[in-house]
Amino acid sequence: MTAFGYTLMTEQSGPRELVRYAVAAERAGFDFLVSSDHFSPWLDEQGHAPHAWTMLGAVAQATESIPLMTYVTCPTMRYHPIIVAQQAATLQILAEGRFTLGLGSGESLNEHVVGEGWPGPAERHERLAEAIGIIRELHTGRTVTRHGHWYRVDSARIWDLPPDPVPIAVAVSGARSVERFAPLADEMISTDPDADLVRSWTAARGEATGPTRVTGQLPVCWDTHRDKAIQRAHEQFRWSTGGWDVNSNLPTTDAFAAATRLVRPEDVADTIPCGPDLDAIVEAVRPYWEAGFTDIALVQVGDEAQWRFLSEAAGPLLEKLRAAAP
């Protein structure tokens, strides 16, 4: 059955609120939780960027059984791969096996802050592939020394490991990234409901029966008043209209504000379901399961409506989604 998740969006809520939302989402019946991992919000209006791993440690203790995933962590610049390996192992222990490490090649917004510049896509993919290899090796419990092309590791060992290695999911966006990362990852992540991408991933892994898990994500802006929802979606999420090629390369909130100054509320409403109509949200989600996605995480846009969404809309929405999905 298709699983439906809730997004802990670190760009739009503080850490204490995110932990409370995680508990409420589990009680509302969501199947899993994903968390963004940002150093900066996309826009000043969002106003938050707590440390995702600290927050997830608290979530692991505050929740009971709901699976967790980073969506996604970049293990190549802001974090050295050995730090990601250690964080993932510790979180898996705290979560008692509920955690999946979601990885990606990153965005300039979050990675340029360490002062190492922002490389092009080819280098980003090379760095990510090398980082995955380091994380995998450290999760065996061995002492690791490496002198790779991008990373040096000197006698590193993870002392606290879960019983089983942490599953790794990798975000992909096209044929080249699928070819590169399908053999290295356990699961696939993508934000586009692209059936060809899922088929390519399955073929690259040699899985005749289809991939075990493909996780997608999309924003929704539920509110009892459609106009209010559109206004909030425009204020908080107009950055999303730029597309990945733009969004991965802009370095600051000022840059995103400048790039989206001509985006109108109706432009955002064309891409994000806004308002009280739960059937419209179901129809926005439908392309994901039709493309072969097994897990779909929703982002409720804006902090101000989270409690009402979780207490009023989430239960009926999940019923409708499960009735419509395979």
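Conventions adopted
- Residues numbered from 1 in each chain as written.
- Predicted model: local features only at pLDDT ≥ 70, side-chain atom pairs only at ≥ 80, totals over all residues.
- Heavy atoms only, no water.
- Pairing = 2+ DSSP bridges.
- Helix = DSSP H or I, 4+ residues; strand = E, 2+ residues; numbered from the N terminus.
- Axes fitted to C-alpha atoms, helices over the stretch in contact; angles between N-to-C directions.
- Contact = heavy atoms within 4.5 Å.
- Buried < 20%, exposed > 50% of the residue type's maximum accessible area, 1.4 Å probe, protein only.
- Phe/Tyr/Trp six-rings, centres within 6.5 Å; stacked < 30°, edge-to-face > 60°.
- Lys NZ or Arg CZ within 6 Å of the ring centre and 35° of its normal.

1. Structural notes on the sheet that holds strand β4 (residues 99–103)
With respect to topology, 8 strands assemble into a closed barrel ordered β1-β2-β3-β4-β7-β8-β9-β10, the strand pairing being parallel. Within this sheet the neighbouring strands show an average axis-to-axis angle of 25°, counted without direction. Where strand β2 (residues 32–35) and strand β3 (residues 68–70) come together, 3 bridges link them in parallel fashion. What sits directly across from S35, in β3, is T70. Its contacts with the sheet place helix α2 (residues 52–62) against β1 (3–8), β2, β3 and β4, and it is angled at close to 175° to β3.

2. Examining unusual backbone geometry
In this structure, V72 follows Y71 across a cis peptide bond, with omega equal to -10°. With respect to the secondary-structure elements, V72 resides in the loop between β3 and α3 (81–95). In the Ramachandran plot, E96 falls in the positive-phi region, its phi being about 55° despite a non-glycine side chain. Residue class for E96 comes out exposed when judged on its relative accessible area of 71%. You will see that S155, though not glycine, has its phi angle at about 50°, which is positive. Secondary-structure assignment places S155 in strand β6 (residues 152–156). What makes S155 partly exposed here is its relative accessible area of 49%.

3. Looking at the packing of aromatic side chains
Across all of its chains, the model carries 9 aromatic pairs by this definition. Residues Y6 and F30 carry aromatic rings whose centres are separated by 5.6 Å and whose planes lie at 50° to one another, so their mutual orientation is tilted. Linking Y6 in strand β1 with F30 in the loop between α1 (15–28) and β2, this pair joins segments that are 24 residues apart in sequence. Summarising the burial analysis for this pair, Y6 and F30 share the class buried. Here Y21 and W307 contribute two aromatic rings whose centre-to-centre distance is 5.1 Å and whose plane-to-plane angle is 75°, an arrangement assigned as edge-to-face. Taken as a pair, Y21 in helix α1 and W307 in helix α13 (residues 306–324) lie far apart in primary sequence, 286 residues in all. Taken together, W42, F237, W239 and F256 form an aromatic cluster joined through their ring pairs. Residue placement shows R157 over the ring face of W159; its charged tip is 3.6 Å from the ring centre. Residue placement shows R213 over the ring face of F32; its charged tip is 5.5 Å from the ring centre.

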